[in-house]
Amino acid sequence: MALFAILCKDKPGALDTRLATRPTHLDYLNQSKGLKLAGALLGDDGNPIGSLLIVEAEDLAAAQAQADNDPFTAAGVFESVEVRPWRVAIGSL
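Residues numbered from 1 in each chain as written. Predicted model: local features only at pLDDT ≥ 70, side-chain atom pairs only at ≥ 80, totals over all residues. Heavy atoms only, no water.

(A) Spotlight on the overall build of the protein chain. Across its full length, the protein chain carries three helices and four strands. Along the chain direction, N to C, the helices and strands of the protein chain fall in the order β-α-β-β-α-α-β. Computed over the C-alpha atoms, the radius of gyration of the protein chain is 13 Å, within 12% of the 12 Å expected from 2.2 N^0.38 for a compact globule of 93 residues. Dimensions of the protein chain, computed from C-alpha atoms along their principal axes, come out at roughly 35 × 25 × 20 Å. (Helix = DSSP H or I, 4+ residues; strand = E, 2+ residues; numbered from the N terminus. Rg over C-alpha atoms; globule rule 2.2 N^0.38 Å.)

(B) How the structure looks around a nonpolar patch on the surface. Among the surface-exposed residues, Leu 37, Trp 86, Val 88 and Leu 93 lie close enough to one another that they form a single nonpolar patch of about 350 Å² accessible area. Tracing the backbone shows Leu 37 in strand E2 (residues 35-42). (Patch = residues over 30% accessible without salt bridge, like charges linked within 9 Å, V, L, I, M, F, W, Y side chains within 5 Å. Areas by Shrake-Rupley, 256 points an atom, 1.4 Å probe, with all protein chains shown as cover. Salt bridge = Lys/Arg side-chain N within 4 Å of Asp/Glu carboxyl O.)

(C) Examining the environment of Ala 2 more closely. Secondary-structure assignment places Ala 2 in strand E1 (residues 2-10). A residue is classified by how much of its surface remains accessible, and Ala 2, at 31% relative accessible area, is partly exposed. A sequence separation of 38 residues divides Ala 2 from Ala 40, and the C-alpha atoms of the two residues are 22 Å apart. Apart from residues lying up to four places away in sequence, Ala 2 is in contact with Val 55, Glu 56 and Ala 57. (Buried < 20%, exposed > 50% of the residue type's maximum accessible area, 1.4 Å probe, protein only. Contact = heavy atoms within 4.5 Å.)

(D) Expanded view of the packing of aromatic side chains. This structure, assessed with the given rule, holds one aromatic pair. Considering the side-chain rings of Phe 72 and Phe 78, the 5.8 Å spacing of their centres and the 85° angle between planes classify their relative orientation as edge-to-face. Exposure class is identical for Phe 72 and Phe 78. Each is buried. (Phe/Tyr/Trp six-rings, centres within 6.5 Å; stacked < 30°, edge-to-face > 60°.)

That is the geometry; function is a separate question.
The following block contains the structure:
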């Protein structure tokens, strides 16, 4: 198993869709066995502008599937999604 960072950037004007979809998104994340950390990226005004997730997955394809199946993805919240291998340098999970 390897760690992956999923970095998602919201589309402009997606805040209302994000907020409406958030309960379903959180349910999805809470049921995700490989999820290690997740949270919103915030703009200068304190509102969410994206997401950062750290997942443990078998491979890049499995980590990409985590991102692809996120309700925020289905709702069209994200402008871009980047999935990259990641490792801990300082601290621990």
